[in-house]
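Fold and geometry: a report
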Amino acid sequence: MTRPVATRKPRASSQARIATILAAARELLAGQGVAGLSIYSVAERAQIPPSSVYHFFASVPALLEALTADVHRAFREALSAPIDAAAFGTWHELSRLIEQRMLDIYNEDAAARQLILAQHGLSEVVQADRQHDLELGELMHRLFDRHFQLPAMPRDMDVFALAMELSDRVYARSMQLHEAITPRMAEEGMRVFEAYLGLYLPPYLAKRQP
């Protein structure tokens with residue numbers, strides 16, 4: 001009888017080396033943007049041979065995809081973190097609370113801003129970001145549904161994912177103009193997020209009882 005092949009996790013030494021590589025890539029990305037990133041610059045910053053970087057990441061896009069996954073992990077944790085139901089009464093207030101958590105991640109993580117909001121033109125990273133957005137949209141949908149009685153939502157449109165993508169475009173515009181997400185543009189991003197959701201959610205939604 002053939003036994004199923006088990007997927008092995010990287011050994012502790014490999015995990016440590018991967019963490020070192022990604023930390024070096026994150027530092028370079030935060031300081032110099034995508035243009036300053038190469039396998040050799042990462043190896044130099046990490047103080048390891050380039051062959052060690054190539055062993056785990058065959059290209060710069062592979063490195064960036066791994067970093068993108070790490071950033072979205074932080075977004076997922078922000079959506080999964082406990083929320084005091086007494087802190088909001090309307091879905092608008094909940095949307096602002098959640099969007100502020102996303103903004104906090106961007107404001108605290110220069111690498112996240114470079115990956116998600118900067119115009120680097122790397123299709124692999126853009127595609128990975130969109131796939132992660134679909135997962136975040138599903139998490140956000142569940143979060144809203146946990147606290148409010150939602151109407152029937154379109155099946156052919158990922159409304160919550162698209163709302164996040166639209167607000168991100170506003171933040172990206174702020175990065176392009178100001179190299180930061182300014183308070184004014186942060187407010188505009190929140191308004192765009194709420195406005196798009198408002199096309200599918202009525203002004204008032206009954207709140208579920210805890």
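Residues numbered from 1 in each chain as written. Predicted model: local features only at pLDDT ≥ 70, side-chain atom pairs only at ≥ 80, totals over all residues. Heavy atoms only, no water.

Per an unreviewed UniProt entry, the protein chain is named TetR/AcrR family transcriptional regulator, and its organism is Pseudomonas maumuensis.

1. Things to note about the UniProt feature "domain: HTH tetR-type" (unreviewed entry) in the protein chain
Definition in use: UniProt positions are given in the numbering used here, feature names are shortened, and annotations may be inferred rather than shown by experiment. What counts as a helix is a DSSP run of H or I of at least four residues, what counts as a strand is a run of E of at least two, and both are numbered from the N terminus.
Here, the residues flagged by UniProt with the feature "domain: HTH tetR-type" (unreviewed entry) are residues 15-75. Segment residues 15-75 splits into 80% helix and 0% strand. End C-alpha atoms: 22 Å apart.

2. Overview of the UniProt feature "DNA-binding region" (unreviewed entry) in the protein chain
Annotation from UniProt places "DNA-binding region" (unreviewed entry) at residues 38-57. Secondary structure within residues 38-57 divides into 75% helix and 0% strand; the distance between the first and last C-alpha atoms comes to 11 Å.

3. Digging into the packing of helix α8 (residues 159-178) against helix α9 (residues 183-197)
This is how it is decided: Interaxial angles span 0 to 180 degrees and are taken between N-to-C directions of axes, which are lines fitted to C-alpha atoms, for helices over the stretch in contact. Angle categories are assigned with fixed cut-offs, so that under 35 degrees is roughly parallel, over 145 is roughly antiparallel, 65 to 115 is roughly perpendicular, and the rest are oblique. Two helices that cross are described as forming a left-handed crossing if the nearer one is turned anticlockwise from the farther one by less than a right angle, and a right-handed crossing if clockwise. Only heavy atoms matter for contacts: two residues are in contact if any of them lie within 4.5 Å across the pair. Residue polarity follows a fixed list, in which Ala, Val, Leu, Ile, Met, Phe, Trp, Tyr, Cys and Pro are nonpolar, Asp, Glu, Lys and Arg are charged, and the others, Gly among them, are polar.
Look at α8 against α9: their axes get within 8 Å of each other, and the N-to-C directions meet at 160 degrees. Taken together, the axes of α8 and α9 lie roughly antiparallel to each other. Where α8 crosses over α9, the two elements pack in a sense that is right-handed. Mapping the contact onto sequence places V159, F160, L162, A163, M164, L166, S167, V170, Y171, R173 and S174 in α8 and M185, A186, E188, G189, M190, V192, F193, Y196 and L197 in α9. Among the residues forming the contact of α8 with α9, the class breakdown is 15 nonpolar, 3 polar and 2 charged.

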